[in-house]
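# Coordinate inspection notes
What follows is the residue order along each chain.
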Amino acid sequence: MESLDDLLRQAEATHGHLCAGQVLGVRMALLGLARLGIADPRGADRKRLITYVEIDRCATDAIALATGCRLGKRALKFRDWGKMAATFVDLGSGRALRIAALEDTRELADELYPHLETKGRRQLQAYRELPDAQLFREQWVRVDIDPADLPGRSGDRIVCQRCGEGVNFGRFYLVNGESLCLTCARPELRYWKPAAPGE
Ligand SMILES: [Zn+2]
Ligand SMILES: [Zn+2]
């Protein structure tokens, strides 16, 4: 297992700065990996792990770095729940651990390190030094991963019969005998709208 300091140096380089979120994310990942007995997630064990993250903030980058789970490898799954939490799934054993950051760490950091100037610095120090039990809540969970969501799967590929765009991984609906992409089948769920002329 790589050390916290080594990983933080790498996290700083990829993320652009060293912040409390980097320390929190690396600590969270190291704890999850240790509990699952995964020592080399970016090398020998690289096909064993899937990580679900519940927020898209600084810590997310650090979790991706420390676990080697990336969106482009289908090993990082994002659930936009706004929570500083992540679930580490060992595909080898089927075991999964969800780890959430505890709420009172912020106040604790202010009490412990009043000499540090900014809130960010106090938090960074707390995330560096406090034991796992004071930072995190852990829960063994079960994650039923759809086989279509596993890394390495290519899945069905269709061409949407309405917009003509290719769709991978079976992400389409059959509507009245037509294979439609999600955008065409459920336009109300689109995150975009066509711009009005001149907009
Ligand atoms: Zn940051
Ligand atoms: Zn379509």
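In this report, we go over the structure that sits alongside the text. Computed from a predicted model, the values in this text were never measured in an experiment.

## Some thoughts on a negative patch on the surface
On the surface, Glu103, Asp104, Glu107 and Glu111 cluster together into a patch of negative charge. Positionally, glutamate 111 belongs in helix H4 (residues 105-112).

## Focus on the coordination of the zinc ion (ligand 2)
Ligation of the zinc ion (ligand 2) by protein atoms is provided by Cys160 (SG), Cys163 (SG), Cys181 (SG) and Cys184 (SG), these donors lying 2.3 Å from the ion. Coordination at the zinc ion (ligand 2) is tetrahedral, judged from the 4 donor atoms that bind it and the angles of 101 to 114 degrees they form at the metal. For the zinc ion (ligand 2), all donor residues lie on one chain, and their spacing in sequence is C-x2-C-x17-C-x2-C.

## Re the nonpolar core
Inside soluble globular proteins, nonpolar side chains tend to come together where they are buried. Judged by nonpolar contacts, the single largest core of 36 residues is most densely connected at Val26, Met28, Leu49, Phe88, Ile99 and Phe136. Mapped onto this core, the elements with two or more residues apiece are helix H1 (4-15), helix H2 (20-36), strand S1 (49-53), helix H3 (58-67), strand S3 (85-90), strand S4 (96-101) and helix H5 (119-129). It is H2 that provides the largest number of residues to this core, a total of 10 residues. In this view, valine 26 contacts Leu4, Leu7, Leu8, Ala11 and Ala62; residues no more than four positions away in its chain are not counted. Within the second largest apolar cluster, 6 residues are counted, among which are Ile158, Cys160, Cys181 and Cys184.

## Some points on the sheet that holds S4
Read from one edge of the open sheet, 5 strands run S2-S1-S3-S4-S5, paired in mixed fashion. In this open sheet, the two edge strands, each paired with only one partner strand, are strand S2 (76-78) and strand S5 (136-141). Sheet twist, expressed as the average angle between the axes of neighbouring strands with direction ignored, equals 20 degrees. Bridging between S1 and S2 involves 3 bridges; their strand directions are parallel. Counterpart to threonine 51 in the pairing with S2 is leucine 76. Set on the sheet, H2 makes contact with S1, S3, S4 and S5; between it and S4 the angle comes to about 155 degrees. H3 rests against S1, S2 and S3 of the sheet, and its axis sits at about 175 degrees to S1.

## Here we look at the pairing of S1
Of all 5 residues in S1, 5 are buried, a share of seventy percent or more. Alternating positions in S1 separate into two faces, Leu49, Thr51 and Val53 on one and Ile50 and Tyr52 on the other, with burial throughout. The sheet contact formed by S1 and S3 spans 5 bridges and is antiparallel. Counterpart to leucine 49 in the pairing with S3 is aspartate 90. You can see the chain leave S1, run along H3 and come back into S2, and the turn it takes is right-handed.

## Describing the packing of aromatic side chains
Taken as a whole and assessed by the stated rule, the structure comprises 0 aromatic pairs. Just above the ring of tryptophan 192 sits the side chain of arginine 190; from NZ or CZ to the centre is 4.5 Å.

## With respect to the environment of glycine 94
Checked against the element boundaries, glycine 94 lands in the loop between S3 and S4. Here glycine 94 falls in the partly exposed class, since its relative accessible area comes to 46%. Placed 46 residues apart in sequence, glycine 94 and arginine 48 show a C-alpha to C-alpha distance of 9.6 Å.

## Quick look at the packing of H1 against H3
Contact pair H1 / H3: the axes reach a minimum separation of 10 Å and the direction vectors enclose 125 degrees. One finds that H1 runs oblique with respect to H3. Along this stretch, H1 crosses H3, giving a crossing that reads as right-handed. Contacts between H1 and H3 involve Leu7, Gln10, Ala11, Thr14 and His15 on the former and, on the latter, Cys58, Asp61, Leu65 and Ala66. Of the residues belonging to the contact of H1 with H3, the class tally is 5 nonpolar, 3 polar and 1 charged.

## Comments concerning the environment of leucine 130
As for its placement among the helices and strands, leucine 130 is situated in the loop between H5 and helix H6 (132-135). Accessibility expressed as a relative area gives 7% for leucine 130, which makes it buried. When the C-alpha atoms of leucine 130 and serine 179 are compared, they prove to be 53 Å apart, with 49 residues separating the residues in sequence. In this view, leucine 130 contacts Arg27, Thr105, Leu108, Leu112 and Leu135; residues no more than four positions away in its chain are not counted.

Reading guide: rules and limits
Along each chain, numbering runs from 1 in the same order as the chain's sequence is written. Each chain is given a letter, starting from A, and each ligand a number, starting from 1, according to the order in which they appear as written. For a predicted model such as this one, the threshold for reporting local features is a pLDDT of at least 70, and the threshold for listing and counting side-chain atom pairs is 80 or more; totals across whole chains, interfaces and linings nevertheless cover every residue. Only heavy atoms go into the side-chain values, all of them from the structure, while hydrogens and water stay out. Only residues whose relative accessible area exceeds 30% and that form no salt bridge enter a patch; like-charged residues are grouped when within 9 Å of one another, and nonpolar side chains (Val, Leu, Ile, Met, Phe, Trp, Tyr) when within 5 Å. For the area figures, the Shrake-Rupley method with a 1.4 Å probe applies, and any residue is considered shielded solely by the protein chains shown. Any Lys or Arg side-chain nitrogen found within 4 Å of a carboxyl oxygen on Asp or Glu counts as a salt bridge. A residue counts as positive if it is Lys or Arg and as negative if it is Asp or Glu; His and the chain ends are not included. The atoms used to mark charge sites are NZ of Lys, CZ of Arg, CG of Asp and CD of Glu. Secondary structure elements are defined from DSSP: runs of H or I of at least 4 residues count as helices, runs of E of at least 2 residues count as strands, and each element is numbered from the N terminus. Water is not part of the atom set, so a site may look incomplete; the donors themselves are N, O and S atoms within 2.8 Å of the metal, or 3.2 Å for Na, K and Ca. Every angle between 85 and 135 degrees makes a four-donor site tetrahedral, while opposite donors more than 155 degrees apart, with all other angles between 65 and 115, make a four-donor site square planar and a six-donor site octahedral; other sites are irregular. Definition used in this section: a nonpolar core is a set of buried Ala, Val, Leu, Ile, Met, Phe, Trp, Tyr and Cys residues joined via side-chain atoms within 4.5 Å. In this scheme, a residue with accessible area under 20% of its type's maximum is buried, one over 50% is exposed, and one in between is partly exposed, where area comes from a 1.4 Å probe on protein chains only. Any two residues whose heavy atoms approach within 4.5 Å are treated as being in contact. Criterion used throughout: strands pair if DSSP finds at least two bridges between them. For helices, the fitted axis covers only the stretch in contact; all axes are lines through C-alpha atoms, and the angles between them, taken along N-to-C directions, range from 0 to 180 degrees. We call a crossover right-handed when, viewed with both strands directed away from the observer, the connection leading from the first strand over the helix to the second proceeds clockwise. Pairing of aromatic side chains requires ring centres within 6.5 Å, counting the rings of Phe and Tyr and the six-membered ring of Trp. Pairs whose planes differ by under 30 degrees are stacked, by over 60 edge-to-face, and all others tilted. A ring is scored as having a charge over it whenever the NZ atom of a lysine or the CZ atom of an arginine sits within 6 Å of its centre and within 35 degrees of its normal. Angle categories: roughly parallel below 35 degrees, roughly antiparallel above 145, roughly perpendicular from 65 to 115, and oblique for all the rest. Left-handed describes a crossing whose near helix is turned anticlockwise from the far helix through less than a right angle; right-handed describes the clockwise counterpart. Gly counts as polar in this scheme, as do all residues outside two lists: the nonpolar Ala, Val, Leu, Ile, Met, Phe, Trp, Tyr, Cys and Pro, and the charged Asp, Glu, Lys and Arg.

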